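For reference, the chains in residue letters:
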Amino acid sequence: MAGLAASFGSGAMSNSMDDVAKHAQAFFVIGSNTTEQHPVFGTMIRHAVRYRGAQLVVADPRRIDLVDFATLHLRHRPGTDIALINGLMHIVLERGWQDQEFIETRTEFFEVFISSIQDYTPPKVEEITGVPASLLHEAAKILASCKPTAVMWAMGITQHIVGVRNVMALANLQMLLGNMGKPGGGVNPLRGQNNVQGACDMGGLPNVYPAYQPVSSEENREKFLKAWGATSSTSVGLTVTEMIPGVLEGKIHALYVLGEDPLMSDPDTNHIRRCIESLDFLVLQEIFPSETSIYADVLLPGASFAEKTGTFTNTERRVQMVHQAIDPLGEARPDWWIIAQVAERILERIPERIQNEAPNAGWNYSSTSDILSEINTLAPSYGGITHTRLERGERLQWPCPNSDHPGTPILHTREFTRGKGKFMPIEHIPPAEKPDEEFPMVMSTGRVLYHWHGGQMTRRAKGLMQVYGESLVELNPEDARRIGINGKTRVRITSRRGSIEAKAWITDRVPPGMVYANFHFPEASANELTHASLDPVAKIPEYKITAVRVELAG
Ligand SMILES: Nc1nc2c(c(=O)[nH]1)N[C@H]1C(S)=C(S)[C@@H](COP(=O)(O)OP(=O)(O)OC[C@H]3O[C@@H](n4cnc5c(=O)[nH]c(N)nc54)[C@H](O)[C@@H]3O)O[C@H]1N2
Ligand SMILES: Nc1nc2c(c(=O)[nH]1)N[C@H]1C(S)=C(S)[C@@H](COP(=O)(O)OP(=O)(O)OC[C@H]3O[C@@H](n4cnc5c(=O)[nH]c(N)nc54)[C@H](O)[C@@H]3O)O[C@H]1N2
Ligand SMILES: [Mo]
């Protein structure tokens, strides 16, 4: 559910899961542990490979389970995706495999882009990424000869200081190959939280109102002021990753946190702890006591997914309905109800409150259907999405501007949002933290199949704890020998910010020099070690690369 303010990720899939699974001739999965983190879609991909003969190229520093199904595995060094993608495009251009017609009719700035790719010769790319030039050639050939190829990625691409640039490089690749706006192609970020897409669509971002209407526009401000009775100024707000550090900078005094556990999920926990402790006032809306609840002045008990009715919007822009299965336990109330109550009470205290001018405006919703009706009028892309249609079994993907519109399974079929697709020259930039003598290894972080982020929900499930009851850190056998693990199981991992102890899983899933840790257990959370270097545009932290030292514990 988490995080109305969460903005991890980057936009929705251009195509839908069914479409890609049915029509892609090849999949390029880069930085997505799809079978563990998106198991339903992961199964669809495996199926397409096994039974339809689709090709699969996986680019991931780890030998994830999906690699067992792959035609090719590009095992590049963490943080070298731009060099890898530019290297693939260099080969495509050298061989003349680009889709010239698509480039001429649908895109611009191709010339500038070509010159930026010149330098990424296979030997140079091999040097930066560690991927042999011969493998690069094979990969480029598969991606260019299979029409269309679908590109899919997740946090392995975005959680870097070059997260946005990585995504742009992938967009360049898909334009070069003419794979945009076609069934089975496209650029497909797999979003994580069940409603992170919906939260962004509804304006849970610092710069936009619902349906991505900019807050900087006075006209938009007027519209929402009338509907809600009050609204923010036209200046862009802060992202989560700026808000919390903003406490120690004196910019933030109070926080209202809904369904997030920053003590587990934000980078550099020691720093986060100091920030949260320094708040004058913290309100937390949660379904369980969490690591963060220890610091809360007020706890508002939200109802879980099983206790409420409403909609989630998934990664392919599809709005899906859930129905209340049980009554809320104890004092729990649906999140929308709590938010509306808080909003009403705040409004009462705002002297310049605008009396509701639009029909049905204000905060007196009696159900989530009521709220969706308001969304129909305020968010154009959701104009025709109603509970009635969803209950009838219609499968609606936005944009769906009116009640007769069938929804939009594939975006950009005739033109891009900005008209012509723009090729962007993108150069490789090394990660923020570099290994050195004291911290010679690279730690990457992420999830495992059995747990969910801070683990507040999954650590309460007995069955899951039986299968995966403590944090395991993946360590290559070569490194295990070097540190003298010799039958012992526990290691200490230290970064410039902190230290954790955990059990080692000695495995060649990780290459030598790299460890992989998760943030599911408070006693060994990877975020005690991570750092808060952010992508300058998306403000997403570089969770995927931390310089560490690994030793025997105790
Ligand atoms: N079971 C389970 N499923 C989940 C979640 C969960 O907590 N548990 N969380 C959900 C959420 S919110 C999200 S955002 C998604 C995340 O889904 P994913 O992004 O698939 O998951 P991650 O574990 O973050 O790992 C991504 C992959 O990136 C690789 N990687 C690391 N560094 C690099 C790099 O520099 N380049 C490239 N190309 N790859 C790299 C890692 O080896 C890993 O295989 O999962 C969702 N699904
Ligand atoms: N090191 C490292 N850190 C990461 C990442 C990484 O890959 N590596 N990934 C990042 C990513 S992509 C994400 S999305 C974040 C996730 O980080 P968070 O959003 O903080 O984690 P969650 O555990 O998904 O959710 C937080 C809380 O929501 C509560 N909750 C569940 N359902 C509801 C509900 O219906 N209502 C309310 N009010 N609360 C509810 C749960 O009890 C839980 O404690 O972590 C980020 N942090
Ligand atoms: Mo996420």
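Just so it is clear, the model here is predicted, and its values are computed rather than measured. (Residues numbered from 1 in each chain as written. Chains lettered and ligands numbered in written order. Predicted model: local features only at pLDDT ≥ 70, side-chain atom pairs only at ≥ 80, totals over all residues. Heavy atoms only, no water.)

Details of the sheet that holds strand β9 (residues 254-258)
For clarity, the cut-off: For two strands to be treated as a pair, DSSP must find at least two bridges joining them. Each helix is a run of H or I in the DSSP string that is no shorter than four residues. Each strand is a run of E no shorter than two, and both are numbered from the N terminus. Fitted lines through C-alpha atoms give the axes, limited to the stretch in contact for helices. The angle between two N-to-C directions lies from 0 to 180 degrees.
Strand order in the open sheet formed by 3 strands is β9-β10-β11, and the pairing between neighbours is parallel. At either end of the open sheet lies a strand with only one pairing partner, and these are β9 and β11 (298-301). Strand after strand, the sheet turns through a mean of 10° between neighbouring axes, direction not considered. Where β9 lies against strand β10 (residues 281-286), 5 bridges are found, and the strand directions are parallel. Directly across from Leu-258, in β10, lies its bridge partner Gln-285.

Regarding the site of ligand 1
Just so we agree on the cut-off: The rule for a residue being near a molecule or strand is that one of its heavy atoms must lie within 4 Å of it. Pairing of N or O atoms within 3.5 Å defines a polar contact, subject to two protein rules: one partner must be a possible hydrogen donor and the other a possible acceptor, and residues neighboring in sequence count only if both atoms are side-chain atoms. Where accessible areas are quoted, they stem from the Shrake-Rupley method and a 1.4 Å probe; at the residue level, only the protein chains shown are allowed to cover. Think of it as three bins: nonpolar holds Ala, Val, Leu, Ile, Met, Phe, Trp, Tyr, Cys and Pro, charged holds Asp, Glu, Lys and Arg, and polar takes everything else, Gly as well.
Of all residues adjacent to ligand 1, which total 32 residues, the nearest are Gln-37, Asp-60, Gly-79, Met-155 and His-451. At a separation of 3.5 Å, a nitrogen atom of ligand 1 approaches a polar backbone atom of Ala-59. Against a free-state accessible area of 920 Å², the protein chains account for coverage of 97% of ligand 1. Among the elements of the structure, α2 (34-37), α9 (155-158) and β15 (441-446) are those that each provide at least two residues to the shell around ligand 1. Residue composition of the shell around ligand 1, by class: 11 nonpolar, 15 polar and 6 charged.

A look at the environment of Leu-190
Quick reminder of the rule: Per-residue accessibility, obtained with a 1.4 Å probe over protein chains only, is compared with the maximum for each type, and a residue is labelled buried under 20%, exposed over 50%, and partly exposed between these values. Pairs of residues are marked as contacts when any of their non-hydrogen atoms sit within 4.5 Å.
With respect to the element layout, Leu-190 can be found in the loop between β6 (187-189) and α11 (196-201). Note on Leu-190: relative accessible area 3%, which makes it buried. For the pair Leu-190 and Ser-32, spaced 158 residues apart in sequence, the C-alpha to C-alpha distance is 8.0 Å. Not counting the four nearest positions on each side in its chain, Leu-190 is found in contact with Met-13, Ser-32, Thr-34, His-38, Phe-41, Met-152, Trp-153, Ala-154 and Thr-315.

Re helix α15 (residues 269-277)
What counts here: The directions considered for the arc are those from the helix axis to the C-beta atoms.
The set of residues buried in α15 consists of Thr-269, His-271, Ile-272, Cys-275 and Ile-276. Burial along α15 is one-sided: seen end-on, the buried residues are contained in an arc of 155°. Among the structural elements, α13 (240-248), β9, α14 (262-265) and β10 are those in contact with the buried residues of α15.

Concerning the site of ligand 2
Around ligand 2, the structure places 29 residues, and the nearest of them are Ser-265, Glu-286, Asp-335, His-453 and Asn-527. Gly-259 has a polar backbone atom sitting 3.3 Å from an oxygen atom of ligand 2. Within the backbone of Gln-285, a nitrogen or oxygen atom sits 3.1 Å from a nitrogen atom of ligand 2. When the free accessible area of ligand 2 is taken as 920 Å², the share hidden by the protein chains comes to 96%. Those elements that place two or more of their residues in the shell around ligand 2 are β10 and β15. Grouping the amino acids of the shell around ligand 2 by side-chain chemistry returns 11 nonpolar, 11 polar and 7 charged.

So, the sheet that holds strand β18 (residues 499-506)
Read once around its circumference, the closed barrel built from 6 strands follows the order β15-β19-β16-β18-β17-β20, with strand pairing classed as mixed. When the angles between neighbouring strand axes are averaged without regard to direction, this sheet yields 45°.

A word on the packing of helix α4 (residues 81-95) against helix α6 (residues 110-117)
Convention followed: Just so you know how the angles are binned, under 35 degrees is roughly parallel, over 145 roughly antiparallel, 65 to 115 roughly perpendicular, and the rest oblique.
Where α4 meets α6, the axes come as close as 9 Å, and the angle between the chain directions of the two elements is 110°. Accordingly, the angle class assigned to the pair α4 and α6 is roughly perpendicular. Only Phe-110, Phe-113 and Ile-117 of α6 make contact with α4, whose side of the interface consists of Asn-86, Met-89, His-90 and Leu-93. Of the residues assigned to the contact of α4 with α6, the class counts are 5 nonpolar, 2 polar and no charged.

Points about the state of the cysteines
Selection criterion: By definition, disulfides here are pairs of cysteine sulfur atoms that lie within 2.5 Å.
Taken as a whole, this structure holds 0 disulfides when the rule is applied. The thiol sulfur of Cys-200 is not disulfide-bonded, and the nearest other cysteine sulfur, from Cys-400, lies at 20 Å. On the accessibility criterion, Cys-200 (3% relative accessible area) is buried.

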